[in-house]
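# Close look at the chain arrangement
Each chain is listed here by its residues.
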Amino acid sequence: MYCVYCGVRLQDGAGECPLCHTKVAAPALPEQPAEPSWPDRVPRKEKQSGKRLVLSLITVILIAAALSCLIFCLKSTGRVGWSGIAALGMALFWVWVILPQWFPRWRPMIFLPIDFLCLGGYLLYICKATGGNWFLSFAFPVTALAAVLTLAGVAMMRYIVQGRLRLMSLLLIAIGLSFMLVEFFQHITFGTPMFVWSLYCMSVFCLIGLFLFIASFIPGWRAALRRTFFY
Amino acid sequence: MRKQWYRLDNAALIFPAVMRKNWNNVFRVSVTLKDKVDPDILNRAAEDLLPRFPTIFVRLRTGFFWYYLETVAEAPKAEEDYAWPLTPMTRRKLKKCCIRILYWQNRIAVEFFHSVTDGTGAMTFVQNLAARYLALKEGIEIPAEGRILDPKETPKAEETRDCFQLCGAKASVSRAEANAYRLRGNPEEDLFRHIVTGVVPTGMLLEKAHEQGVTVTAYLAAVMAEAVLARQREDRKPGRWRHIKITIPVNLRKTFGLETLRNFTLAVNIGFDPRLGEYSHEEICRLMYHQLAAETIPQRMAGRVSTNVELQRSLPLRLVPLPMKTLAMRLVYALSGESKGCLNISNMGVVTLPEVMTPYVDRFDFMIGVQYSYPNNCSVVSWQGKTYISMIRSIRDSELERLFFSRLVELGIPVDIESNRR
């Protein structure tokens, strides 16, 4: 029995050619299919029990460490004090690092907003606990800016296929400009002089971004970058 | 049995460093017998071979500076084969044993993590496993000749050595070369591997290769290059064409006259630049043949071995802890490891067995896994007048196989096709 399209001889009972998927029409041949050369057994997915055990252990250690800090501080000073910052720091570590490990797939558009929300909450707690006045004018806008830029970058790399290089260059320019915004917030909150360090960061990021933006219009450069960085 | 340990040979170093959760470098050699396989006898045969093949029955251990291999106390139990070959061996499995023994109906298959051995070592082991199995089941006396070893003999020192350390040149050869066209397609979500095996008459293949004045490997590489070129034409505009290069693993045992059961191969990339103009079938055949001949002369091979071994011997690099070495190797592999060839063609050559075994054996198969970033690979083995060309792919699209096998048919070589289609 031959494939009329590819010219190769097929196994007896083959319904179609495995190369071109052309259906086999051979009414003269018996319909009984030949014995399969491969079984149906599908490999089992390996259990993640070892990983879950390690994650559970880390969680228990973190809870124990946080509780120890709280109890020690409460007993010695009668206030939550520094132990609150330490305990919430551990909670933040758990949310950022351990929580995504429990799930089979890391979904950035779900985990990253949660991560940045928790970071914002943690900074708010530190601000209140230390009697500071820098959350609304500095920590909140800087965290929000970082969240927006990170989400934009991740979304771009995961969901956009065409024009990645141009988008990446624009993102780099945006990151560069965001350093100036951060220094601006620093200036209005802490009264530091404007645009000192951010100019250096901004110029480096904007120059790289500008180079990539120009490269995205030149096919040869674009291909060379793609080949080198597998984007 | 006392536990022994072995340093990874030079070619094996890269494989544990670059392995991922869903991919690592495994390959498979299988032998199909005339009768159904009895798994209990197969297990006994594997146990009998345990002391004779200390470098094959090993597990992967992690040291502070390097990975290393350690002998296992028991041979792995034979398990039923899967719907597709070469499922990745996870780190957990590699810590138990770096080989997997499988059976299905008349077929005995062994899958190897590439750090353990290469195709030649694997074929030797599988032939010995089949010989021991037949000796236990049929009660035949099989002489220790060719690749068949005496199972009662103690392993020879030459079988367990790292031959890369013995054959370097005084100067090294640069690794720099142009990047090749990258085949691509829609990947199978569940890591299903499609296997399409084309069975062709060896005599006719040889005749066609000799008509062009080339070897079978060069001839198959030329036909494959034509198929990849056609694929690139469908996939890309002429302005974006890249080199068409086929990677050929070369058995260095013949080149240097050394024997070992561990890795001793080196891959060479042969091909052409399609942007320079049109190439006829004859021209591609000759190009492939002459490039292969030029690349595989002992002097050049020794130079390339030196390039690889120098890094391994460098004292500052040896003192770097394993995690940092792993990171560096992954980075280098990501940047250049798989960008120099379109796909591999690994030709095992003609398999021979002692005469007393031959009536019990139906066929041999040899399959290599796909690389991490290129989805197709091809392996070839010949037995009793038939050549089995196995093409594996991790994508749904079978265009490359169609182009390759239909080109063979066009050239006058009849092809029988088998596959593991679901």
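Residues numbered from 1 in each chain as written. Chains lettered and ligands numbered in written order. Predicted model: local features only at pLDDT ≥ 70, side-chain atom pairs only at ≥ 80, totals over all residues.

### Notes on the overall build of chain A
Check the secondary structure of chain A and you find seven helices and one strand. Of the regular secondary structure in chain A, the N- to C-terminal order runs β-α-α-α-α-α-α-α. Expected size for 231 residues packed as a compact globule is a radius of gyration near 17 Å; at 29 Å, chain A overshoots this value by more than 25%. Over its C-alpha atoms, taken along the principal directions, chain A stretches across nearly 90 × 55 × 25 Å. When each of the 231 residues of chain A is scored for burial, the buried share is 10%. Within chain A, counting contacts between residues at least 6 apart in sequence, those at least 24 apart form 47% of the total. (Helix = DSSP H or I, 4+ residues; strand = E, 2+ residues; numbered from the N terminus. Rg over C-alpha atoms; globule rule 2.2 N^0.38 Å. Buried ≥ 20, exposed ≤ 12 C-beta atoms within 10 Å, placed from the backbone. Contact = placed C-beta atoms within 7 Å.)

### So, the interface of chain B and chain A
Where the parts come together, the accessible area they lose is often given as the size of the interface. Each side of the interface is counted separately: chain B has 29 residues, and chain A has 22 residues. Elements with a contribution of two residues or more to the side of chain B that touches chain A: helix 11 (322-337), helix 12 (399-410) and strand 15 (416-419) of chain B. For the side of chain B that touches chain A, the element with the most residues is helix 12 of chain B, which contributes five residues. Taken together, the residues that form the side of chain B that touches chain A break down as eleven nonpolar, nine polar and nine charged. (Nonpolar A, V, L, I, M, F, W, Y, C, P; charged D, E, K, R; others polar.)

### Overview of the domain arrangement of chain B
All names here are of chain B. Along its sequence, chain B is carved into domain 1 (5-149) and domain 2 (175-350 + 371-419). Tallying the contact residues gives 30 residues for domain 1 and 24 residues for domain 2. Breaking the side of domain 1 that touches domain 2 down by element, the ones donating at least two residues are helix 1 (14-18) and helix 4 (119-138). When residues of the side of domain 1 that touches domain 2 are assigned to their parent elements, the largest contribution, five residues, is made by helix 4. (Domains from an automatic or database assignment.)

### Considerations on helix 6 (residues 197-215) of chain A
Residue and element names in this part refer to chain A. Between its first and last C-alpha atoms helix 6 spans 28 Å; for 19 residues at 1.5 Å apiece the expected length is 27 Å, and the two agree. Within helix 6, the full set of buried residues consists of Ser-198, Met-202, Gly-209 and Leu-212. End-on, the buried residues of helix 6 take up no more than an arc of 105 degrees, which puts them together on one face. Away from its buried face, by an angle of more than 90 degrees, helix 6 presents the exposed residues Tyr-200, Ser-203 and Ile-214. For helix 6, the elements touching its buried residues are helix 5 (164-190). (Expected span 1.5 Å × (residues − 1). Arc of directions from axis to C-beta.)

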